Structures are given as structure tokens and as C-alpha cells.
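Breakdown of the fold
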Amino acid sequence: MPITDKQMNSKPTGIHQWLSEPAIVKHGSLIGRITPKGERLFYFRYVNSLGKRVTHPIGSYSRTGEHGTLTLLDARQKAQELATLHKSGITDITEYFQTQEAHRKAVQESEMAKLAKEKADAEAELARLNNRRTVRDLFEQWMRMEIIQRKDGGAEVRRMFEKDVLPLIGDRFAEDVRKGDVMTVIDALLERGVTIMAKSIFSMIRQMFNFAVERDYLDSNPTASINKAKVFGTDNERDRILSDEEIVELSIKFTDANLLVTSQAALWIALATCCRIGEILSAEWKHVDLNKREWMIPAENSKNAKPHLIYLSDFAVEQFNKIQAINGTSQWCFPNRDKTGAVCPKSVTKQVTD
């Protein structure tokens, strides 16, 4: 006989009460159970592939089927579905559902792991974006960690970057800078005719990006594929000409470098007369006539062993006047410390190099 709601609502008797409906063909039957504690449960009973009888749980009973419970009609429908499954050849229903559940859990865990990875990747990307350095940020860190150690504390590097580099690419993220961005900076300098300065700035940009690569801030240096020789050409010091802008800059650099006044004057005379620094530093006052605006380089002081008469411009005379105010009582325009001869020709070169 079919199980009734009245039977399923019977009072507990202190023992397990089992109720059974007729088998659905030969593939299983619906079983009801009332436990000593009053739980009302449904099962599907079938015979597995080993010929053993298995009681497979399918849910809890209630007359209304609320809160995830099953009515008798629901239970019969569920039993019918399981009987159909059994009939299809799945003779171990419990094992089948265990496998299905394990698969479901595996898929769920895989999805959760995937979502967790996507979340972690998204957070890592957000952190990367939040921590991205602009070229200006990278420049300041490079200054603090490396350039500050220079004799001038990096003042000259900062001046050049703030004038010619940072205004163009300072706000770009360092990782987004490409070869073309660097060339934008360099081309602007080349158009101004300051090739030497362009080369110097290019070298510093390359150093800064190498600094970033070495610390794994960047994967690559955007200047790496730029052919320096192709961009700037081959150096030829004999053909070097200072632009007006570079001459102005040179006057600032002389002051900032704290060169001796006499050394600055010697360099200006070299530029004003095109004479060699050794010829200038070996000069004696007896060979200089500021009234006639002439300076005679004797044969023993010239490279080709021939005397040369140099005509002095107003600017050159001004520089000799500065020297005379300091060393006018000496035989030599640029005496050594002991006043026993001319200063070493390498002294000014060393000061400039420093």
C-alpha cells in the first residue's frame, strides 16, 4: 500500500518505524522512516551491481514541503527519477551521487581557486599601478641613491634634467617610456645645436634607466636600442664649436664649480684667442702689451717652435686685466705657488676635470 501523510505523521514509538511503498517496476522503492526522536525521512531502496540492497537517503518529510523538505508527492517523484536512473544502467546510485558530489566540489573548488587567483592578480595589478613610478619619481630616487655622491651633490645633473628632460617626460610612468620619448628629448637639444649637452643628457638618461633595471623597477631600458653613434655622429674635437647658449652656460658652470678666478680667465683667453692652454699658462708679462692689445707667444712656448703675435679683443684684454690685478707683480702671468716659474700646464685641465 502507498505511504500516507497520516503514517508519516505518526508519533514516535521509541523505535525506528519503517514504511514502504511497492517497488517501481524492479528498479527500487520509496521508503519512509520515523526515528525515535521524531525525524521523518525518505529513502530510495535499490539493489546495486553487487546484488546488495542499498538504502539511499533522498530527504526529510513535511506535509507542506517547506524549508527544503519533501511532501509525499515530491518523494515519489524523486524515487521515480532515481528508478529511471537505475534503469539506465547506473546500478550504484549512491556511489554515482558521491562521484557527482565530489566532481561538483572539485569544480567549485577550481572555480573558487580561479576567482581567488583573479582577485589576487587584480590586487597585485592595482598595487603595481598604485606604486608605479613616474620618470620624475625615478629621477629623484636615482639622485638620492647615486648622484648625490658626486662632488657637486648632483646639482648639475638636476639642473639639466629639470630644464631639458622632466618638462617633456617627467610625468610619464617610467615603464611606459619608449625609445621615441627619449628621442623627443634628444631631438629638442639637437635642434638647439647643443650636441655635446645632448650627448651628456642622453648618457645620464641611460644611466638612470639602467639604475631602474638593476633594481627590477623596470624590465628593460628604453635607451638600449638607441645607437648613440648614429644619433650623434662620430666625435671630432678639432671641429667642436660652442654655441652661444653653451658659452652662456659655460660662464654659469665656471661660477658653480668654484674655479679659481685665474683659471676661469685662462679658459676665457683660450676661447677668445684660440690659443692652447699650455701657451697661455706659460705667458710672461714682458710679452703682453695691453695698451697695444697684443700678446707675443715666443718660439720656445709655441707648439711649432715659431713666435706668434696674438691680437687681443676687448674681452681678452679684460681677462688679462683680471689676471694682472692678482699676479701683476710676478714675472709670469700664471706663476706657480713658489713664484719660481709658470704654473704646470696640467693644473687648469685638472681643475676642469674635477
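My aim in this report is to walk through the structure given alongside it, one point at a time. All figures in this text were calculated on a predicted structure; none of them were measured in a lab.

Cut-off values and rules
Residues numbered from 1 in each chain as written. Predicted model: local features only at pLDDT ≥ 70, side-chain atom pairs only at ≥ 80, totals over all residues. Heavy atoms only, no water. Helix = DSSP H or I, 4+ residues; strand = E, 2+ residues; numbered from the N terminus. Rg over C-alpha atoms; globule rule 2.2 N^0.38 Å. Buried < 20%, exposed > 50% of the residue type's maximum accessible area, 1.4 Å probe, protein only. Contact = heavy atoms within 4.5 Å. Areas by Shrake-Rupley, 256 points an atom, 1.4 Å probe, with all protein chains shown as cover. Lys, Arg positive; Asp, Glu negative; His and termini not counted. Charge placed at Lys NZ, Arg CZ, Asp CG, Glu CD. Axes fitted to C-alpha atoms, helices over the stretch in contact; angles between N-to-C directions. Parallel < 35°, antiparallel > 145°, perpendicular 65-115°, else oblique. Left-handed = near helix turned anticlockwise from the far one by under 90°. Nonpolar A, V, L, I, M, F, W, Y, C, P; charged D, E, K, R; others polar. Salt bridge = Lys/Arg side-chain N within 4 Å of Asp/Glu carboxyl O. Pairing = 2+ DSSP bridges. Expected span 1.5 Å × (residues − 1). Arc of directions from axis to C-beta.

1. Thoughts on the overall build of the protein
Counting secondary structure elements, the protein contains 13 helices and seven strands. Compactness check: the protein gives a C-alpha radius of gyration of 48 Å against a globular reference of 20 Å for 354 residues, more than 25% above the reference. Here the protein holds 354 residues, and the buried ones make up 36% of them. A sequence separation of at least 24 residues applies to 50% of the contacts in the protein between residues at least 6 apart. Carbon and sulfur atoms make up 53% of the accessible area of the protein, which totals about 21900 Å². Averaging the positions of the 51 positive and the 48 negative side-chain charges in the protein gives two centres separated by 8 Å.

2. Describing the packing of helix α10 (residues 261-273) against helix α12 (residues 314-327)
Viewed as axis vectors pointing N to C, α10 and α12 meet at an angle of 155 degrees, and their least axial separation amounts to 9 Å. Between α10 and α12, the angle is such that the two are roughly antiparallel. Considering the relative orientation of α10 and α12, their crossing is left-handed. Packed against α10, whose contacting residues are Val261, Thr262, Ala265, Trp268, Ile269, Ala272 and Thr273, the element α12 presents Phe315, Ala316, Gln319, Phe320, Ile323, Ile326 and Asn327 at the interface. Across the contact of α10 with α12, the residue classes tally to 10 nonpolar, four polar and no charged.

3. Description of unusual backbone geometry
Located in the positive-phi region is Ala305, a residue other than glycine, with phi close to 60 degrees. Here Ala305 lies in the loop between β6 (294-297) and β7 (308-311). Residue Ala305 is classed as exposed on the basis of its relative accessible area of 53%. Positioned with a positive phi, Lys339 is a non-glycine residue whose angle comes to about 60 degrees. One can find Lys339 in the loop between α12 and α13 (346-353).

4. Observations concerning the pattern of salt bridges
If you walk through the whole model with that rule in mind, you get 21 salt bridges. Between Glu175 and Arg132 there is a salt bridge, and its shortest N-O distance comes to 3.3 Å. Placement of Glu175 in the loop between α5 (155-169) and α6 (179-191) and of Arg132 in the loop between α3 (93-130) and α4 (135-145) is noted, with a sequence separation of 43 residues between them. Each member of the salt-bridge network shares a partner with another, and the members are Glu156, Arg159, Glu249 and Lys253.

5. Things to note about the sheet that holds strand β2 (residues 29-34)
Strand order in the open sheet made by the four strands is β1-β2-β3-β4, with antiparallel pairing throughout. Bordering the open sheet on either side are β1 (17-20) and β4 (53-60), each of which pairs with just one other strand. Direction aside, the axes of adjacent strands within the sheet are offset by 30 degrees on average. As defined by bridge partners, β1 adjoins β2 across four bridges and the pair is classed as antiparallel. Bridge pairing links Leu19 to Gly32 in β2. Along the sheet face, helix α2 (residues 72-87) touches β2, β3 (40-47) and β4 and points at about 20 degrees away from the line of β3.

6. What to know about the sheet that holds β7
Spatially, β5-β6-β7 is the arrangement adopted by the three strands of the open sheet, whose pairing is antiparallel. Each having just a single partner strand, β5 (288-289) and β7 make up the two edges of the open sheet. Bridge analysis of β6 against β7 gives four bridges, and the strand direction is antiparallel. Counterpart to Ile297 in the pairing with β7 is His308.

7. Observations concerning the side chain of Thr223
Along the polypeptide, Thr223 turns up in the loop between α7 (195-214) and α8 (228-232). The contact partners of Thr223, leaving out residues within four places of it in the chain, are Val182, Phe202, Ile205, Arg206 and Phe209.

8. Regarding helix α9 (residues 244-256)
In this model α9 runs 19 Å from its N-terminal to its C-terminal C-alpha over 13 residues, within 8% of the 18 Å that 1.5 Å per residue would give. Within the sequence span of α9, burial applies to Glu246, Glu249 and Phe254. Angular distribution of buried residues about the axis of α9 spans 145 degrees; they occupy a single face of the element. Exposed residues lying more than 90 degrees from the buried face of α9 are Asp244, Val248 and Thr255. At its buried positions, α9 is contacted by α5, α7 and α10.

9. Quick notes on α10
A rise of 1.5 Å per residue sets the reference length of α10, with its 13 residues, at 18 Å; its end C-alpha atoms lie 18 Å apart and thus fit the reference within 8%. Buried residues dominate α10, accounting for 10 of its 13 residues. Within the span of α10, buried status applies to Thr262, Ser263, Gln264, Ala265, Ala266, Leu267, Trp268, Ile269, Ala270 and Thr273. On its buried face, α10 is in contact with α9, α11 (277-281), β6, β7, α12 and α13. Just downstream of α10 lies Cys274, where phi reads positive at about 65 degrees.

None of the figures reported here should be taken as evidence of function without further support.
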